[in-house]
Structures are given as C-alpha cells and as structure tokens.
Amino acid sequence: MPENNPAISVIVPVYNVELYLRQCLESILAQEFDDWEAILVDDGSTDRSGEICDEYTARDPRFKVFHQANSGLAGARNSGLDACKGEYVYFLDSDDWISSSCLSKLYSAIRSSGCQVAIGRMTIEYVGASQADKSRFPSRTFDSMVFASLMCKDREFHNYMWNKLYHRSLITYTPDDIRYFEDIAFTIAWILKASKVVYVSECAGYHYRQRKSSILGMKSRIKALAYYDAVKLRLRHFLDRGCEITPDEAANCVFGIERAMMSIARRRLVDNKNDMPDSEIAGMVAELSSLASDLFRAAVKNRGSLDLKMRFGLRLAESSPKLFIAWARLSEKFHKRHSSEQRLFD
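Keep in mind the model is a prediction, meaning the values are calculated, not measured.

Asks: Explain the sheet that holds strand S12 (residues 206–209) to me, please; I cannot follow it from the model alone.
Replies: Strands belonging to one sheet form pairs held by backbone hydrogen bonds; the direction of such a pair is parallel or antiparallel. The mixed open sheet is built from four strands, whose spatial order is S5-S12-S7-S8. The open sheet is flanked by strand S5 (97–98) and strand S8 (129–132), the only strands paired with a single partner. With four bridges joining them, strand S7 (residues 122–126) and S8 adopt antiparallel strand pairing. Its bridge partner being in S8, Thr123 is matched across the sheet by Ala132.

Encoded structure:
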C-alpha cells in the first residue's frame, strides 16, 4: 500500500543549539494534532545537536533527520522543503518552541476558512519573562494584499516565515546564498500568492526565544547590506502588483520603508560607524525613497493617504538623503532622552 502523506510538515533547521533543541522537539511531540512529520535539517552542527536529532528519530518515526554541510538558514530550509511530504508546511526555528495546541488551531482555521495560509501570534520569550504580541484584530480572514501590506508595516503582523502555516504550493525556494533576512525578502511573496489568509488571534503559540548569540542578534556590515537588499526585494513584490494596490495598502508599505530607512540611517545593524559611511547610507536612503514613491504613485495621484510625518519623511529622503539621515539620528536621540526622563517618573 502507498504511504499516506502527513497533513503538516514541520521544518526545523538545526545549527549548534544543543542547549535549546530538546525543548523545541518535545514541543512538537506534545502537539494535540498528530498528523505531522518533522524534518530536522542538521546544518553542519559542531556541538551535540546532530546526535539529539538522531535520538528523536529513533524515538518517533515521524521525525526525520538530514545531516548536511553548513549552508546557512536558507539552505537548510530548502533541504527541508526537498524532503517534506505534507500538504502544509510550518517552519520552526530550533531554539524556539510551540504550544501544544498550535498546529491544531492553525490547521482547523485553514480547513474551516478555505484559505491557504493561517497566521498565529507569537509569544516573545526573554530571560525570566514572556510577552505575547498584541493585535487590535480579532480572528478573521484578510485579502492577501491587505495582510501583506500590514506585514510590511511590521507593527501587529511581522515578516517572519515561522508562526504561519502555508499550503506547500505557495512556497518557493530561497536562494542558498542569502544568509540574512530571507524572511523579509520572501515571506510576503508567498502571502501574495494566496488569495486570502486567515489570522488566528487566539493562537499565540509560537514561542520566540530572545538570545544575543542568534543570527538576529549579531551586527556587521554584511548584515546591514543584506537587510537593505531584503527590504528592496520586499518592496519590489508590491511594485510588481502596483496596479492592484490601494492607497491605504501603499501607505502601510511606505510606513515600513520609512522604518527601514530610519534603521539604516541610524546604523542599527553595524557596531562600528566606520563600517558604513554616510555617503553610502545616503545612496541607500535615496534608492529606497525613490522606490517607495514609485509604489505610491502607482496607487494614487497624490499623497493624501500618508500622514504628515510620513509625507515629511518621504519628501525629505527624496530631496536630501543626508538631511534625512541627520533627522533620523536627531529624532532617535530625542526619543532616548524622552524615554529616560519618563522612566524617572514611572
């Protein structure tokens, strides 16, 4: 008899996480929904992570492990996609974990709504404390363009590949040479391939561990440039569909672009300011502001849907990237000073 394929493939890229991996894998075993397979991709770990993967495959045949030379997070996820057999795919980072009802809630939402993507909330795990992310939206379906633009805004919904259950047909491979921010570059493209998505507010089941040694915790010039490239690629996904985007959706995208320009101008991703001179930053700001203006012009003939601060920031970035950089850094200093003064009265 032919082997029955599982409903859900959980793809877990693994690299040097022996301290956290058991909690991740135990959380998969504890799922109320049991029609799953877990694809563990040991991406050249040099600690005991590979042995722990082997241990779990011996315990439960639903775990499958693949050991490979290190190729980065994108390469490991691609290997998982090659091996998976599920109708739906869920990405889980190996230093995080999921609540026992996570897969069942997302799968039920997909089946009842007829959507191809279900999105849950996340709980951020700090040392000694947890905080569930907040959203003003109840559980509901969204047009994919509306949801993607809210992801670009990056306030209530985020660009992470994880905490989402996707139909396998939506997912394309990520180029292996992308080492950072592939989530920003590609997740929105997958969302836009669906017609509608379902948001499951009561599912705050993805537990996102904050640790300084993670990929997101590191800073470098290479990482800063990768962020810039990822933001440009994300914006181009919307530009490719410019005629379909509404003014409000374009405004959400512009908001996200301005936040990205602020991060670049403030050198948030480099430790040493000499790693990225102002002249280079000015060129990045100029290109991003030009792309943002192109997107907004594709949606409306004027900028009426942008609030005053956004209009000012975009116009300043277009006319004088260097002044935008100065404004971004000055506003950051003001915010830090205001925050420190506020804490004196709390």
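Next comes the rest of the write-up.
Asks: What is the right way to read the sheet that holds strand S4 (residues 88–91) from this model?
Replies: Ordered in space as S3-S2-S1-S4-S10-S6-S11-S9, the eight strands form an open sheet in which the pairing is mixed. Whereas interior strands pair on both sides, the edge strands pair on one side only; in this sheet they are strand S3 (63–68) and strand S9 (140–143). Along the sheet, successive strands turn relative to each other by an average axial angle of 25°, direction set aside. Against the sheet, helix H2 (residues 49–59) engages strand S1 (8–14), strand S2 (36–43) and S3, with an angle of about 150° to S3. Lying over the sheet, helix H5 (residues 144–153) contacts strand S6 (117–119), S9, strand S10 (164–167) and strand S11 (196–199), oriented at roughly 90° with respect to S9.

Definitions and cut-offs
As a convention, each chain's residues are numbered from 1 in the sequence order in which they are written. It should be noted that, the model being predicted, local features are given only for residues of pLDDT at least 70 and side-chain atom pairs only at 80 or more, the latter also being counted only at that level, while totals for whole chains, interfaces and linings use all residues. By convention in this description, side-chain values take in all heavy atoms of the structure and omit both hydrogens and water. DSSP bridges decide pairing: two strands pair if at least two such bridges lie between them. For helices the rule is a DSSP run of H or I covering at least 4 residues; for strands it is a run of E covering at least 2, with both sets numbered from the N terminus onward. Orientation is described by lines fitted to C-alpha atoms, with helices fitted over the stretch in contact, and by angles between N-to-C directions that extend from 0 to 180 degrees. Only heavy atoms enter the contact rule, under which two residues are in contact if any of them lie within 4.5 Å.

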